[in-house]
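Structural overview for review
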Amino acid sequence: MPATYIAPGVYTEEIDLSLYIPQLSTSILGLVGGFQKGPVNQITFIANRKQFEQIFGTPLRGEVGFAAHAALYFLRWGSQLKVVRIGDDDIAKAVAPIFRDDSSGIQIGQVRGVTEGDWADGLQIVITSEDVPSEADPSIPETVFNIFIYDVGTGVVDSTGAVDFTGVAPLEFFEDVVFDDTTRQNYVEKIVNGNSLFVTFNMTEESNPDLSITYTLAGGDDGTANIQSGDVIGSFDTATGIASGILAFEDPLIEDINLLSAPGFNHVREVAVSLIATAQTRFDCLAVLDTPDLSTAQDIRDYVRGSLGTPGNPWSSFAPLSSSNRAAIYGPWLKIFDSYNNEEVFVPPSVRVLGAFSFNDNVAFPWFAAAGPNRGILFNTLDVRFRLSLGGVELIYGFGTNVNPIQVTVDGIVINGNKTLQRKPSLLQNIHIVRMLMFAEKVIATATRFLQWEPHDPITWRRYTNLVEPFLQDIVNKRGITDFRVKCDKETNTDFFINQGQMVAELHIIPTNAVAVIVNRYIIHAHGAALEQGTPSAGGQTIP
């Protein structure tokens, strides 16, 4: 309670009534996939394309490169990407043994690639020495070492087998380090590890290294040759409590995302099921799925609906994909030019669709549909696997299938659908409405948590209403909803809820739907008819 003042004087008090709704990002992508390099099974935040290539490298060939393509396209307009790199059992760092300087051949440690992958194979480490005044007594010289890290294939091998790096600029250079005293601040592990973008030193003995050897890294494996569904879905490490794969994104209190995908694996049935379950559990993100690389609309329909037991169908052993308004699926596959590997490739739709969401949120708001010629054009896309007829679109977009079709139009290659996987007919079948709700729910929950443990009385109820109403009015002004009502009073907060310590608020909203079909209705009148104000139209209305 406020202080009671007895002694005369001037006192200062602050009463903070400035609580307001915070601004949150609308497109934060959680991405799971195999990559050329980078941290394994941990969430890494990426803000731009340059940073992504620096940490995770460029796209690999094949399906393991799809996630990298998706990331780089998303980052053209988005700036919040959270990546989990996965790999198979063979994933390994490139290494080179370091030997003692007495020609004994005894290994005293290793130099390793900073992350797993064959990207570091062939990196060359040259160590030189020099005498400098010692720290303890400057009059007595001590030997320190300089470490040069050279790129793959640089340097010239002379007749003795030694590599000459004259005139070659190193990738990195570390000077004045020591190998024989772990207590020194310039010990090699303290200087290099965590500062080098390429290598780490892992020493097992306090001895100086053999300087006659060019240490060349080898044996790295990017772990993409045999990735299994279990690697993508992930697991919990009971010892550390850390999750891998898709499961790394399962807890919304730990990681904030609103899009989730695993390009290259989205179409694998068990992975798709895991993505849907994760998004549905979190309830604050949309799982973006792909159909397999199929060649007919009928095949796409059968994949989603599990073929309903059709004998001989490859999807007949599966049940239909779960109905969910926290997931959306797209098809068919797309042809793009892979400039990193200089070839045309077919990729799953999510490689471009995820970027369509970041583009949409960059030029509009999440409650605008990322579809059609305004915000659904898939740039840098050459073609689709097959072109859908009108009947094909109706087959895959119709009730019970809900695959968002990608079509070739006069405007380019365009997303021509806006449905979630929810089969129950309601407004929550619309992606843009679900994204509006997810945004509003997260923002309001973030702001109103500061009312927790406040007195359960009309003053707190009014504070809630005064906090939420301006936010919803802003969404009205930005065309996300057409009308709303916030109710937090004695009718919603009965004695039962007050005694339970629960404050209940009802937020009634009318979302703004999107125009999916445009009907140009022509009414033909006979010559001499007077089309004046009040003339009935075919729909029973009058011409204003």
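Small disclaimer: the values here were computed from a predicted structure and weren't measured.

**Structural notes on the overall build of the protein chain**
Helix and strand counts for the protein chain come out as 12 helices and 22 strands. Against the globule reference of 24 Å for 544 residues, the protein chain gives a C-alpha radius of gyration of 31 Å, more extended than a compact globule. Here the protein chain holds 544 residues, and the buried ones make up 47% of them. For the protein chain, contacts bridging at least 24 residues in sequence account for 66% of all contacts bridging at least 6. Entry remark: accessible area of the protein chain is about 27,200 Å², with carbon and sulfur atoms responsible for 52%. Each charge class in the protein chain can be summarised by its mean position, and for the 36 positive and 62 negative side chains these summaries are 14 Å apart.

**Things to note about the sheet that holds strand 12 (residues 215-216)**
Strand order in the open sheet formed by 4 strands is 10-7-6-12, with antiparallel pairing between adjacent strands. Edge positions in the sheet fall to strand 10 (172-177) and strand 12, since each has one partner strand and no second. By the bridge criterion, 10 bridges tie strand 6 (residues 124-133) to strand 7 (residues 141-150) in an arrangement that is antiparallel. Paired with Ser129 across the bridge in strand 7 is Phe145.

**What about unusual backbone geometry?**
Cis geometry is found at the peptide bond from Gly331 to Pro332, where omega equals 0°. In this fold, Pro332 is placed in the loop between strand 15 (327-331) and strand 16 (334-338). The backbone of Phe283 shows a phi angle near 70°, a positive value even though the residue is not glycine. On the secondary structure map, Phe283 appears in the loop between helix 5 (269-282) and strand 14 (286-290). Although it is not a glycine, Asn380 sits at a positive phi angle of roughly 55°. Summarising the element assignment, Asn380 is placed in the loop between helix 8 (372-375) and strand 18 (383-384). Accessibility expressed as a relative area gives 49% for Asn380, which makes it partly exposed.

**Digging into a negative patch on the surface**
A contiguous patch of negative charge on the surface is contributed by Glu130, Asp131, Glu175 and Asp176. Mapped onto the negative patch, the elements with two or more residues apiece are strand 6 and strand 10. Looking at the element boundaries, Glu175 is found in strand 10.

**Observations concerning the environment of Ile46**
Along the chain, the position of Ile46 falls in strand 2 (residues 43-46). According to the relative accessible area criterion, Ile46 is buried, its value standing at 0%. A sequence separation of 10 residues divides Ile46 from Phe56, and the C-alpha atoms of the two residues are 9.8 Å apart. Filtering out sequence-adjacent residues up to four positions away, Ile46 remains in contact with Gln51, Phe52, Ile55, Phe56, Leu75, Ser79, Gln80, Leu81 and Val83.

**Some points on the packing of aromatic side chains**
Centre distance and the angle of the planes are the two values used to describe a pair of aromatic rings. For the structure on display, the rule yields 18 aromatic pairs. Ring centres of Trp77 and Phe359 lie 5.3 Å apart, and the angle between their planes is 70°; on these two criteria the pair is classed as edge-to-face. Pair noted here: Trp77 is in the loop between helix 2 (66-74) and strand 3 (81-85) and Phe359 is in helix 7 (residues 350-363), with a separation of 282 residues, a long-range link. Note on Trp77: relative accessible area 24%, which makes it partly exposed. Through a chain of ring-to-ring contacts, the aromatic side chains of Phe365, Trp367, Phe368, Phe439 and Phe471 assemble into a single cluster. A cation over a ring is seen here: Arg269 above Tyr303, with NZ or CZ 4.8 Å from the ring centre.

**Some remarks on helix 2**
Counting buried residues along helix 2, 9 of its 9 residues qualify, which places the element largely inside the surrounding structure. When we look at burial in helix 2, the residues that qualify are Phe66, Ala67, Ala68, His69, Ala70, Ala71, Leu72, Tyr73 and Phe74.

Reading guide: rules and limits
- Residues numbered from 1 in each chain as written.
- Predicted model: local features only at pLDDT ≥ 70, side-chain atom pairs only at ≥ 80, totals over all residues.
- Heavy atoms only, no water.
- Helix = DSSP H or I, 4+ residues; strand = E, 2+ residues; numbered from the N terminus.
- Rg over C-alpha atoms; globule rule 2.2 N^0.38 Å.
- Buried < 20%, exposed > 50% of the residue type's maximum accessible area, 1.4 Å probe, protein only.
- Contact = heavy atoms within 4.5 Å.
- Areas by Shrake-Rupley, 256 points an atom, 1.4 Å probe, with all protein chains shown as cover.
- Lys, Arg positive; Asp, Glu negative; His and termini not counted.
- Charge placed at Lys NZ, Arg CZ, Asp CG, Glu CD.
- Pairing = 2+ DSSP bridges.
- Patch = residues over 30% accessible without salt bridge, like charges linked within 9 Å, V, L, I, M, F, W, Y side chains within 5 Å.
- Salt bridge = Lys/Arg side-chain N within 4 Å of Asp/Glu carboxyl O.
- Phe/Tyr/Trp six-rings, centres within 6.5 Å; stacked < 30°, edge-to-face > 60°.
- Lys NZ or Arg CZ within 6 Å of the ring centre and 35° of its normal.

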